[in-house]
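So the chains spell out like this:
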Amino acid sequence: MSHKSNSLKQLALQKFKKNFWGVFSFCFIIVVGLVSVFAYVFAPDNSQYANQMHLSIHSKQPGFEVDMLTIPSQLETNQSWLGEVFFGKKNTDTEIPISEYSVKEDMLMYKEYASDGLEGVEKTISLSVFLNNNVKNYIKEKRFLFGTDKYGRDLLSRVLVGARISFFIGFVAVFISLLIGIFMGSIAGYFGGKVDAVIMWIINVTWSIPTLLLVIAITLALGKGFWQVFIAVGLTMWVEVARVVRGQIISAKEMQYVTAARALGFNNFRIITKHILPNIMAPVIVISAANFAGAILIESGLSFLGIGAQPPMASWGAMIKDHYNYIILGKPFLAIIPGLCIMSLVMAFMLIGNALRDALDVKN
């Protein structure tokens, strides 16, 4: 029996490997996952939430370059390197975009950057604030590959950090939906009768409420925040899992191996968890991949409505909300770039779901 099970797994794996788009999507999701975990390592702006604002260079085109003067702060952050890698650097330094500068005696004279033909303000600062009075180490040319948003923040850094929310909400939401959906569906399908009727009534009531409306209600009840959105999305996605599990168990519980398990005196909990569930997980895995994509879209919609991840936290949906009106102002990239990120990640999960469905289909 074990050899047969391993053979079926190997056969499914071989079929999955032959699906180009499935393998490509899997690799893409792995890359996005690594970027999500180590976003602050890859981001040019590694400050917390990539929230370093420079209003004088707002809404600049991709590839924009400017000289950046960094004025060091005397404040101590007392931050560990792990905290810096996973949660961003507590940056207390002041960054100022400048158009020109000169050194005279012990003073640095610089002109702040100003766009649209305006003249920047000229200021002076003592060289003593810089280590060894070496100001050249504190003036560097900075390039914004994706341009800057309306607050002058690095758009590339915001996209990389924003991937964390969109990616991890899929895991948390799917985990919650599987936990509740498998439990409710298993009880309803296995015991039937009044238990099945009550659970199906709960499922139908939950199903009849629009998903976005239910998420908004749960979010308002739990409060606005990072984890509240994760929980709210997960609590709305268990219904589909429960219906699939219920239907699979209704057909599986009449199989001979379940009858044999009952004859051997195994309790219901063992029969469900050890015998039935392992044999019906194929459709559950496929629907979980679709739920990943659905969770990302719901979170993006909530952030667009302003009840998702709250500022200054980076979120692809919030980035679209902040810049959708720039589409008619000649700077559509501010909304298109995060929109393409959402589309590509959702499509990857849908493609991998299709590939898993084909691979796990025993009829092919």
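Residues numbered from 1 in each chain as written. Predicted model: local features only at pLDDT ≥ 70, side-chain atom pairs only at ≥ 80, totals over all residues. Heavy atoms only, no water.

Enquirer: I tried to follow the overall build of the protein on my own but got confused; where do I start?
Expert: Counting secondary structure elements, the protein contains 14 helices and 5 strands. Over its C-alpha trace the protein gives a radius of gyration of 27 Å, far above what one expects of a compact globule, namely 21 Å for 364 residues. Considered along the principal axes of its C-alpha atoms, the protein spans approximately 95 × 45 × 40 Å. For the protein, long-range pairs separated by at least 24 residues make up 71% of all intrachain contacts whose partners lie at least 6 apart in sequence. Of the roughly 19,800 Å² that the protein leaves accessible, carbon and sulfur atoms contribute 63%. Side-chain charges in the protein split into 31 positive and 24 negative, and the spacing between the mean points of these groups amounts to 17 Å. (Helix = DSSP H or I, 4+ residues; strand = E, 2+ residues; numbered from the N terminus. Rg over C-alpha atoms; globule rule 2.2 N^0.38 Å. Contact = heavy atoms within 4.5 Å. Areas by Shrake-Rupley, 256 points an atom, 1.4 Å probe, with all protein chains shown as cover. Lys, Arg positive; Asp, Glu negative; His and termini not counted. Charge placed at Lys NZ, Arg CZ, Asp CG, Glu CD.)

Enquirer: Would you take a moment to explain the packing of aromatic side chains for this structure?
Expert: In this description, an aromatic ring pair is defined by two values, namely the gap between the centres and the angle between the planes. Here the structure, examined in full by the defined rule, presents 13 aromatic pairs. Considering the side-chain rings of Trp21 and Phe24, the 5.9 Å spacing of their centres and the 85° angle between planes classify their relative orientation as edge-to-face. Linking Trp21 with Phe24, this pair stays in helix α2 (residues 20-37), spanning 3 residues, or about one helical turn. For Phe24, a relative accessible area of 45% gives the class partly exposed. Taken together, a centroid distance of 5.1 Å and an interplanar angle of 45° make the contact between Phe130 and Tyr138 tilted. Overall, Phe130 belongs to the buried group, its relative accessible area being 3%. (Phe/Tyr/Trp six-rings, centres within 6.5 Å; stacked < 30°, edge-to-face > 60°. Buried < 20%, exposed > 50% of the residue type's maximum accessible area, 1.4 Å probe, protein only.)

Enquirer: Could you clarify how one ought to interpret the packing of helix α13 (residues 316-323) against helix α14 (residues 333-360) in this entry?
Expert: When two helices pack together, their arrangement is given by the angle between the helix axes and the distance between those axes. Axis separation between α13 and α14 bottoms out at 8 Å; the angle between their running directions is 150°. Accordingly, the angle class assigned to the pair α13 and α14 is roughly antiparallel. Seen along the crossing, α13 lies across α14 with a hand that is left-handed. Between α13 and α14, the residues in contact are Trp316, Gly317, Met319, Ile320 and His323 and Leu334, Ala335, Pro338, Gly339, Cys341, Ile342 and Leu345, respectively. Tallied by class, the residues present in the contact of α13 with α14 amount to 9 nonpolar, 3 polar and no charged. (Axes fitted to C-alpha atoms, helices over the stretch in contact; angles between N-to-C directions. Parallel < 35°, antiparallel > 145°, perpendicular 65-115°, else oblique. Left-handed = near helix turned anticlockwise from the far one by under 90°. Nonpolar A, V, L, I, M, F, W, Y, C, P; charged D, E, K, R; others polar.)

Enquirer: Would you take a moment to explain the pairing of strand β1 (residues 64-71) for this structure?
Expert: For a regular strand, side chains alternate in direction, first toward one face of the sheet and then toward the other. Summarising the sheet, β1 and strand β5 (residues 139-144) pair through 6 bridges and their orientation is antiparallel. In the sheet register, Glu65 faces β5, and the bridge partner there is Arg143. (Pairing = 2+ DSSP bridges.)

Enquirer: Please clarify how helix α8 (residues 226-236) should be interpreted in this entry.
Expert: Note on helix geometry: an α-helix contains 3.6 residues per turn, so any two residues three or four positions apart are oriented the same way. Here α8 has its buried residues at Val229, Phe230, Ala232, Val233, Gly234 and Thr236. Of the surrounding secondary structure, the elements contacted by the buried residues of α8 are α5 (155-191), α7 (211-222), α9 (238-252) and α12 (281-305).

Enquirer: I would appreciate a short explanation of the pattern of salt bridges in the present structure.
Expert: Pairing of side chains with opposite charge becomes possible as their charged atoms draw close. For the coordinates displayed, the defined rule picks out 8 salt bridges. In this structure, Arg143 and Glu65 form a salt bridge, with 3.6 Å as the shortest nitrogen-oxygen distance. Within this pair, whereas Arg143 is found in strand β5, its partner Glu65 is found in strand β1, the two being separated by 78 residues in sequence. The residue Lys111 makes a salt bridge to Glu122 at a minimum N-O spacing of 3.8 Å. Of this pair, Lys111 sits in strand β3 (residues 107-112) while Glu122 sits in strand β4 (residues 122-126); the two residues are 11 residues apart in sequence, bridging distant segments of the chain. (Salt bridge = Lys/Arg side-chain N within 4 Å of Asp/Glu carboxyl O.)

Enquirer: How do you make sense of the nonpolar core when you look at a structure like this?
Expert: A general feature of soluble globular proteins is that nonpolar side chains tend to end up buried together. Grouped together as the largest cluster of nonpolar side chains are 28 residues, with contacts concentrated most on Trp316 and Phe349. At 12 residues, α14 tops the list of elements feeding residues into this core. Setting aside chain neighbours within four positions, we find Trp316 in contact with Val159, Gly162, Ala163, Ser166, Pro338, Cys341, Ile342 and Leu345. Core analysis: the next-biggest nonpolar cluster, separate from the first, contains 17 residues, Ala173, Val215, Val229 and Ile307 among them. (Core = buried A, V, L, I, M, F, W, Y, C linked by side-chain atoms within 4.5 Å.)

Enquirer: Help me understand the state of the cysteines in this model?
Expert: A covalent bond between the sulfur atoms of two cysteines is referred to as a disulfide. A full pass over the atoms with the stated rule returns 0 disulfides. You can see Cys27 has no disulfide; the closest cysteine sulfur is in Cys341, sitting 19 Å from it. The class for Cys341 is buried, based on a relative accessible area of 17%. (Disulfide = S-S within 2.5 Å.)

Enquirer: Is there a simple way to think about the packing of α2 against α5 in this case?
Expert: Where α2 meets α5, the closest approach of the two axes is 8 Å, and the angle between their N-to-C directions is 115°. Considering the relative orientation of α2 and α5, their crossing is left-handed. Along its contact with α2, which presents Ile29, Val32, Gly33, Val35, Ser36 and Val37, the element α5 presents Leu160, Ala163, Arg164, Phe167 and Phe168. Of the residues belonging to the contact of α2 with α5, the class tally is 8 nonpolar, 2 polar and 1 charged.

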